[in-house]
Amino acid sequence: MEAVNLLPGYARPAHGWAAIGKDLSTRRVLAVGGAVAGAAAIALGGLFVHERSVVNEKRDSLSTVQAQLTAAEAQAAPLRAVQAAKATKLSAIRTISEGRVPWENVLRDLARVLPSKIQVQAVQATLPTPIAPATGSVPASVGAISGAPTGFTITGSASSHNRVALVLDRLSVLPWLSNVMLQSSTRGTGGTSGSSGADTFTISATFNSLGVTK
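Residues numbered from 1 in each chain as written. Predicted model: local features only at pLDDT ≥ 70, side-chain atom pairs only at ≥ 80, totals over all residues. Heavy atoms only, no water.

As a further point, take the sheet that holds strand β4 (residues 199–207). The strand order across the open sheet built from four strands is β1-β2-β4-β3, with neighbouring strands paired in antiparallel fashion. Both edges of this open sheet fall to β1 (118–126) and β3 (177–186), since each of them pairs with a single strand only. With strand direction ignored, the average angle separating the axes of adjacent strands in the sheet is 20°. Inspection of the sheet shows β3 paired to β4 by seven bridges, in the antiparallel sense. Within the sheet, the bridge partner assigned to Leu-177 lies in β4 and is Phe-207. Along the sheet, helix α2 (residues 103–113) contacts β1, β2 (151–158) and β4; its crossing angle with β2, the most-contacted strand, is approximately 40°. Its contacts with the sheet put helix α4 (residues 161–172) on β1, β2, β3 and β4, and the angle it makes with β3 is roughly 165°. (Pairing = 2+ DSSP bridges. Helix = DSSP H or I, 4+ residues; strand = E, 2+ residues; numbered from the N terminus. Axes fitted to C-alpha atoms, helices over the stretch in contact; angles between N-to-C directions. Contact = heavy atoms within 4.5 Å.)

Given below as structure tokens:
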């Protein structure tokens, strides 16, 4: 039987490629391999040192920026406190301004609707419960005013009870009064309005400053 060589042509002993490397000794191969490995190790070491230096520089820069930010925050803290205090005072002033009632217009409307033979003795507005301000935020005088009046009371005298009833009707048409009620009425001796014999009355109502013409 004839032997058959199954190796490819370039690997057969007679081929030129088969002889490459056969003349290299083991020591030489190890020396070349060691040199290559050493060069790779040196390259990796240099790359590691470089990257470590870059990381350290970034850390130093970050520490510097954080220190600068801390110093800026410390300088800005008093300014923020002043701004917050001013904002609180401005809000209180705005609340007072919005709750301001043009009493000259109230009295004008009142004088226009009241019938004749009526004498007004007193007009009283009831403020809501004051709200105490936070300590150090606004002056106490500002906190004492928490808004527009919510109650309205008028005391006066009339020539008769019919005139008192007419006062109730007239006050009910005012847009800034609601829930108009007669609190008390005392019959007099039939005297004219303002005399000791006139009928006296007290009328209360709910006051809404938004209805007052400004």
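Picking up after the structure, the text goes on.
Turning to the pattern of salt bridges, a few remarks are in order. Within the structure shown, the criterion is met by three salt bridges. Of the charged contacts in the structure, one is a salt bridge between Arg-80 and Glu-73, with a shortest N-O distance of 3.0 Å. Overall, the relative accessible area of 46% leaves Arg-80 in the partly exposed class. Three or more residues joined by partner-sharing salt bridges are found here, namely Arg-108, Asp-109 and Arg-112. (Salt bridge = Lys/Arg side-chain N within 4 Å of Asp/Glu carboxyl O. Buried < 20%, exposed > 50% of the residue type's maximum accessible area, 1.4 Å probe, protein only.)

What follows deals with the confidence of the model for the protein chain. Averaged over all residues, the pLDDT of the protein chain is 76; the fraction at 70 or higher stands at 69%. Ranking the helices and strands of the protein chain by mean pLDDT puts β4 first, with 93, and helix α3 (residues 140–143) last, with 42. Below pLDDT 50 for its whole length, residues 134–146 participates in 19 contacts with residues either more than four positions away or in separate chains. (pLDDT = per-residue confidence, 0-100.)

Further remarks concern the nonpolar core. Residues Phe-152, Leu-171, Trp-176, Leu-177, Ile-203 and Phe-207 are the most contacted members of the largest nonpolar core, which totals 22 residues. Elements with a minimum of two residues in this core: α2, β2, α4, β3 and β4. Setting aside residues up to four positions removed in sequence, Phe-207 forms contacts with Val-101, Trp-103, Val-106, Pro-149, Thr-150, Gly-151, Phe-152, Trp-176, Leu-177 and Val-212. (Core = buried A, V, L, I, M, F, W, Y, C linked by side-chain atoms within 4.5 Å.)

The final tally for this structure, using the stated rule, is four aromatic pairs. Through pairs of rings, three or more aromatic residues link up here, namely Trp-103, Phe-152, Trp-176 and Phe-207. (Phe/Tyr/Trp six-rings, centres within 6.5 Å; stacked < 30°, edge-to-face > 60°.)

Turning to α4, a few remarks are in order. Relative to the 16 Å expected for 12 residues at 1.5 Å per residue, α4 spans 17 Å between its end C-alpha atoms, a close match to the ideal helical length. Next to the buried residues of α4 lie α2, β1, β2, β3 and β4. (Expected span 1.5 Å × (residues − 1).)

Glancing now at the side chain of Asp-199. Within the secondary structure, Asp-199 is located in strand β4. One buried charged side chain, Asp-199, makes no salt bridge at all; its nearest oppositely charged neighbour is Arg-187, positioned 4.7 Å away. There is a polar contact of 2.8 Å between the side chain of Asp-199 and the side chain of His-161. Among all residues touching Asp-199, those that are not within four sequence positions of it are Gly-156, Ser-157, Ala-158, Ser-159, Ser-160, His-161, Thr-186, Arg-187 and Gly-188. (Lys, Arg positive; Asp, Glu negative; His and termini not counted. Polar contact = N/O pair within 3.5 Å; in protein donor to acceptor, adjacent residues only side chain to side chain.)

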